[in-house]
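# Structure at a glance
Listed below are the residues making up each chain.
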There are 2 protein chains.
Amino acid sequence: MVIICARNPFSIRTVTMKTEVPTIQDVARVAGVSTATVSRALSYPERVSEKARRQVLEAVERTGYVVNEAARNLRQQRANAIGVIAPDLSNPFFSSIIAGIEQIAGPNGFGMLVTESSMTGQGAFDHASLLAAARVDGFVVLDGQIDLGRLRNRVTSLSQVPVVSACEYPEDLPAPSVTVDNTGGAEKAVRHLADLGHTKIGHITGPRGNILTTTRLQGFRAGLNSIGLPVREDFILPGDFNLEAGKLAAEIWRTMDDRPTAMFCASDQQAFGFISQLSRQGFRVPEDVSVIGFDDIEVSGFFVPALTTISQPRLELGRMSARMLLDRINGESHREGLHPQLDVTLVVRDSTAAPRPE
Amino acid sequence: MVIICARNPFSIRTVTMKTEVPTIQDVARVAGVSTATVSRALSYPERVSEKARRQVLEAVERTGYVVNEAARNLRQQRANAIGVIAPDLSNPFFSSIIAGIEQIAGPNGFGMLVTESSMTGQGAFDHASLLAAARVDGFVVLDGQIDLGRLRNRVTSLSQVPVVSACEYPEDLPAPSVTVDNTGGAEKAVRHLADLGHTKIGHITGPRGNILTTTRLQGFRAGLNSIGLPVREDFILPGDFNLEAGKLAAEIWRTMDDRPTAMFCASDQQAFGFISQLSRQGFRVPEDVSVIGFDDIEVSGFFVPALTTISQPRLELGRMSARMLLDRINGESHREGLHPQLDVTLVVRDSTAAPRPE
DNA sequence: AGCCTATATGTAAACGATTGCACCGCTGTT
DNA sequence: AACAGCGGTGCAATCGTTTACATATAGGCT
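The structure contained in this document is the topic of the report that follows. (Residues numbered from 1 in each chain as written. Chains lettered and ligands numbered in written order. Predicted model: local features only at pLDDT ≥ 70, side-chain atom pairs only at ≥ 80, totals over all residues. Heavy atoms only, no water.)

### Overview of the sheet that holds strand β9 (residues 290-295) of chain A
Residue and element names in this part refer to chain A. Heads up, the rule is: Strands are treated as partners if at least two bridges between them are detected by DSSP. What counts as a helix is a DSSP run of H or I of at least four residues, what counts as a strand is a run of E of at least two, and both are numbered from the N terminus.
Strands sit in the order β7-β6-β8-β9-β10-β12 across an open sheet of six strands; the sheet is mixed. This sheet does not close on itself; its edge strands, each paired only once, are β7 (236-237) and β12 (345-347). Here four bridges tie strand β6 (residues 201-204) to strand β8 (residues 262-265), and the two strands are oriented parallel to one another. Each bridged residue has a counterpart across the sheet, and for Gly 202 the counterpart in β8 is Met 263.

### Looking at the packing of helix α1 (residues 24-31) of chain B against helix α2 (residues 35-43) of chain B
Residue and element names in this part refer to chain B. Here is the rule we go by: Axis lines are fitted to C-alpha atoms, over the contacting stretch for helices. Their N-to-C directions set the angle, which ranges from 0 to 180 degrees. Note on angle classes: values under 35 degrees are labelled roughly parallel, values over 145 roughly antiparallel, values of 65 to 115 roughly perpendicular, and the remainder oblique. Contacts: residue pairs with any heavy atoms within 4.5 Å of one another.
At a closest axis distance of 8 Å, the pairing of α1 and α2 adopts a crossing angle of 100°. Put simply, α1 runs roughly perpendicular to α2. Facing Ile 24, Gln 25, Val 27 and Ala 28 of α1, the residues of α2 in contact are Thr 35, Val 38 and Ser 39.

### Brief notes about the pairing of strand β6 (residues 201-204) of chain B
Residue and element names in this part refer to chain B. Filter applied, for reference: In this scheme, a residue with accessible area under 20% of its type's maximum is buried, one over 50% is exposed, and one in between is partly exposed, where area comes from a 1.4 Å probe on protein chains only.
Residue alternation in β6 divides its side chains into two sets, Ile 201 and His 203 and Gly 202 and Ile 204, and both sets are buried. Where β6 lies against strand β7 (residues 236-237), two bridges are found, and the strand directions are parallel. Within the sheet, the bridge partner assigned to His 203 lies in β7 and is Ile 236.

### Notes on α1 of chain B
Residue and element names in this part refer to chain B. Stated precisely, the cut-off is as follows: We define a polar contact as two N or O atoms separated by no more than 3.5 Å, with the added condition that, inside protein, one atom must be a possible hydrogen donor and the other a possible acceptor, whereas residues neighbouring each other in sequence contribute only through side-chain atom pairs.
Among all positions in α1, only Asp 26, Val 27, Ala 28 and Ala 31 are buried. Where α1 is buried, its residues touch α2 and α3 (50-63). Two or three places before Gln 25, at the start of α1, stands the capping residue Thr 23, its side-chain oxygen 3.1 Å from that residue's backbone nitrogen. Gly 32 sits one or two residues past α1 and shows a positive phi near 75°.

### Description of the packing of helix α10 (residues 243-255) of chain A against helix α11 (residues 268-280) of chain A
All names here are of chain A. What counts, and what does not: By convention, the crossing between two helices is left-handed when the near helix turns anticlockwise from the far helix through less than a right angle, and right-handed when the turn is clockwise. Each residue is assigned to one of three groups, with Ala, Val, Leu, Ile, Met, Phe, Trp, Tyr, Cys and Pro labelled nonpolar, Asp, Glu, Lys and Arg labelled charged, and all others, Gly among them, labelled polar.
Across the interface, α10 lies against α11 with an axial gap of 6 Å and an inter-helix angle of 45°. With respect to α11, the axis of α10 lies oblique. The element α10 and its partner α11 pack so that their crossing is right-handed. In this structure, α10 contributes Leu 243, Gly 246, Lys 247, Ala 249, Ala 250, Glu 251 and Trp 253 to the contact, and α11 contributes Gln 269, Gln 270, Phe 272, Gly 273, Phe 274, Gln 277 and Leu 278. Grouping the amino acids of the contact of α10 with α11 by side-chain chemistry returns seven nonpolar, five polar and two charged.

Here's what the structure looks like:
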């Protein structure tokens, strides 16, 4: 490989030994054109002559030039990157959405900066506003619990900053969001259980205050209503989305003297925790109790028993939110009130069955 | 909040309505000092007078100034960011490592750019070298399968570019790496099974060519040897780390006329797939066959049965590799040959038991 | 008093790209 | 022959920092 780089040819930094990286100047010199032409040849090929384009391309090849993003970003007042704020990076549910975001961002020349909102106490928000000042062009927010007050104080009018929330969303956030039909999903779950013949259907909720918790609970009630089943408040157990919460709920279920014969869990993880603890106590799923989850994470199909659940298009959730964000960044402003909702589907596997005859 | 920003006070871009963001010039004006002093007051507080520092800090407060990273990066020839190359973002195993990296990078003022190496075919490598030119100061590589030839062609001498590989590592990569004791882990697994009384112990490997596959297989053999058990080649089934591979292996196990009574799986996910498929066929774990995994991902403790496995410190793996990378970036060059190896521990749960008496 | 040092500040030159503007030559029209 | 229009190109300003260097001021020493 030939390295052509006349600028400062004798500089040898003895410590780092960093090889000088070619600049647009070097390319221009080799190609025998001005830097303006080089820049144009690369960004708007159709605006330079055939000949110039060839020369530039060859010079790029020979020098091994690659654009310095920092310089470009400074000049263009653009970061060519988006920020992702997730509540919990190690949660497989979120990582799949993040993968979806990357699938769109990457090929469009955008980097993806990932932060965890739980970070450092006050956390992501200093991050976020700090980032907003030059590192990213916008955010995808995956955390519905986020403290908006803080952000508002920093960023004068939030609605100006390109933000798209995905999955969970703060209700009062004046930004587009992409979600799934949580209410409808919960209704489908209930209906499925009822179709199997269950009349005593319970629910383990998500964490208090979370929007997903609210909508799924709402769907749960609506589902029961629509098929004429009474809502038994004592069958609604408070929980969280994680494994531990399912375990805790199992302990409560065990102590009930009138037990539901089927449980709708607010997440797959929760369902795993529930089933796991029950099995340990000698109960069997679905023989003793049917269990249905929500999310359809990858492992669900391989759980024992394979989990019946409401499947969310997580990858598509990420892809769509990234697309919307990129659109906003590029000025193709959707109306603020854009809130697409993706459909969810019932996936029947082995954790649900007809109730044991009395 | 007071916005002080004299530069171009009448500019109102009607389309975007972007609020002008204050620069260091604005701060300097308000504080009544030069930009140099502002810069110094923020970066080296001890090098300016008490008075100047106070004035600058107050001006920063009033203007809401936050440094423009693009400009800083350009000037300093530094990106203040690290790149992470992962083979599969939605895999919970990797996401935990990524979380660990972020825990170190974030607080140190480094952004974390995440890319998936499977991306776009040729993929991460154009990404990677492109990034190397200005977006990141170094990489943590989580993908051992990576095509080094490509990278080499781009980056003249790879050893100059700060790279740390974590978990998996290409054997010929002249870069520090942080791994876990895979061989030792495999030995522990085998020993545990032997201690329970198993003599017919099998293994489902990872994907061909992967370094983890090799070292774990090696440990498996070594373990058998050290306790005087023969290595039955027909008990070694080829696989992959994912769920599907476990399922496939289960089918093979079923057709064997002389079956191992215990299986050491190359990953937890694989173990899930194996157990899941077996259960579906009416076999029981650990009664019919003991199963031990490798990784100890979060859900393992809640599987049915709870999975006995070799636990890796995934978060620490990420944290340590991030620390090493940051050190290298800051010039505190470790020797090239630094390859710390973290310990793994056996976690005994319910998927292993003594073999059924003949 | 004179000189030297140390400390605190300001001035201005980078960093490497993009892009508004001016210019040049050519073609086609009047 | 004059001129408008246009595609292609180069010049040079600009983005917002950091930092080498110059300068100023104060204080300590002989």
